[in-house]
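# Reading the structure
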Amino acid sequence: MFRIGFGYDVHRLVEGRQLVLGGVIIAHRVGLDGHSDADVLIHAVIDAVLGALGSGDIGQHFPDADPAYRGISSLVLLERTAGLMRDMGFQLNNLDATVVAQEPRLGSHIPTMRENLGLALGAEIDRINIKATTSERLGFCGKQEGMEAFAVVSLFAA
Ligand code: MG
């Protein structure tokens, strides 16, 4: 038994917020806005896993109207999603994700992001791939109004 899931997310960039991507706090003059820590990468990954499980989306599982999730680390939400995955009898085969951000350069943070996601999902780091790209100054990512992320996962029946 094999499953594939896709996830996508966008968050707005604002002043006065910490930038958190893949569970890593990154020094930057602006951060992503949202109810949780607004980790756009992890949100895309959660939606990909939920998609593979046929279990709806992040908003259904962790509603942003619920005060329990205010400021919560998205890594905690990912761990809960991984718990659901295990309960349903699945394990991560591999994950591939892309973050679109004009600034800052993310390359040096990617190893720690892979570790964080691997730990939360219970998978070896070589099964977790994360890429970062700019959008060549085009669109809302290029104008630094926001960031977006895309993720694909495959799961197998454990
Ligand atoms: Mg989100």
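As shown above, the structure is provided for reference.
The structure presented is a predicted model; accordingly, all values stated were derived computationally and were not measured.

The rules behind these values
- Throughout this document, residue positions are counted from 1 along each chain, in the order its sequence is written.
- Owing to the predicted nature of the model, reporting of local features is limited to residues with pLDDT of at least 70; listing and counting of side-chain atom pairs is limited to 80 or more, with chain, interface and lining totals taken over all residues.
- No hydrogens and no water enter the side-chain calculation; it runs on all heavy atoms of the structure.
- Centres within 6.5 Å are what make two rings of Phe, Tyr or Trp a pair, Trp counting through its six-membered ring; a difference in plane orientation under 30 degrees is then read as stacked, over 60 as edge-to-face, and the rest as tilted.
- We count a stretch as a helix when DSSP gives it H or I for four or more residues in a row; a strand needs E for two or more, and each element gets its number in order from the N terminus.
- Summary of the burial criterion: residues with accessible area below 20% of their type's maximum are buried, those above 50% are exposed, and those between are partly exposed, where the area comes from a 1.4 Å probe applied to protein chains only.
- Coordination here is defined by N, O and S atoms within 2.8 Å of the metal (3.2 Å for Na, K and Ca), and since water is not considered, a site can look incomplete.
- Remark: nonpolar core denotes a set of buried residues (Ala, Val, Leu, Ile, Met, Phe, Trp, Tyr, Cys) joined through side-chain atoms within 4.5 Å.
- Two residues form a contact once any of their heavy atoms are found within 4.5 Å.
- One requirement defines pairing of two strands: DSSP has to find at least two bridges between them.

Attention now moves to the packing of aromatic side chains. With the rule as written, the count across this model stands at two aromatic pairs. Between Tyr8 and Phe150, the aromatic rings sit 4.9 Å apart at their centres with planes inclined by 45°, giving tilted as the arrangement. Note that Tyr8 is positioned in strand β1 (residues 2-14) and Phe150 in strand β7 (residues 146-157), a separation of 142 residues in sequence. A relative accessible area of 31% means that Phe150 is categorised as partly exposed. With a centroid separation of 5.5 Å and 85° between ring planes, the pair formed by Phe62 and Tyr69 is classed as edge-to-face.

Those protein atoms acting as donors to the magnesium ion are Asp9 (OD), His11 (NE2) and His43 (ND1), and they sit at 2.2 Å. Considered as a linear motif, the donors of the magnesium ion on their single chain read D-x1-H-x31-H. Of this pair, Asp9 sits in strand β1 while His43 is found in helix α1 (residues 40-53), placing the two residues 34 residues apart along the sequence. You can call Asp9 buried: its relative accessible area is 17%.

So, about the nonpolar core. A general feature of soluble globular proteins is that nonpolar side chains tend to end up buried together. With 48 residues, the main nonpolar core has Leu21, Val45, Leu92, Leu95 and Leu121 as its most contacted residues. Listed by contribution, the elements that provide at least two residues to this core are β2 (19-21), β3 (24-26), α1, α3 (74-87), β5 (90-100), α4 (110-121), β6 (128-133) and β7. If you tally residues by element for this core, the top one is α1, at eleven residues. Ignoring sequence-local partners within four residues, the contact set of Leu95 consists of Val45, Leu117, Leu121, Arg127, Ile128, Asn129, Ala151, Val152 and Val153.

This paragraph deals with the pairing of β1. Relative to β7, β1 runs antiparallel, the two being bridged by eleven bridges. Its bridge partner lying in β7, Arg3 is registered against Leu155. With two bridges joining them, β1 and strand β4 (residues 31-32) adopt antiparallel strand pairing. Bridging across to β4, Val14 finds its partner in Gly31.

Our next topic: the environment of Leu77. Structurally, the position occupied by Leu77 is in helix α3. Between the C-alpha atoms of Leu77 and His61, which are 16 residues apart in sequence, the distance is 9.1 Å. Non-local contacts of Leu77, meaning those with residues more than four positions away in its chain, are made with Ile46, Phe62, Tyr69 and Ile72.

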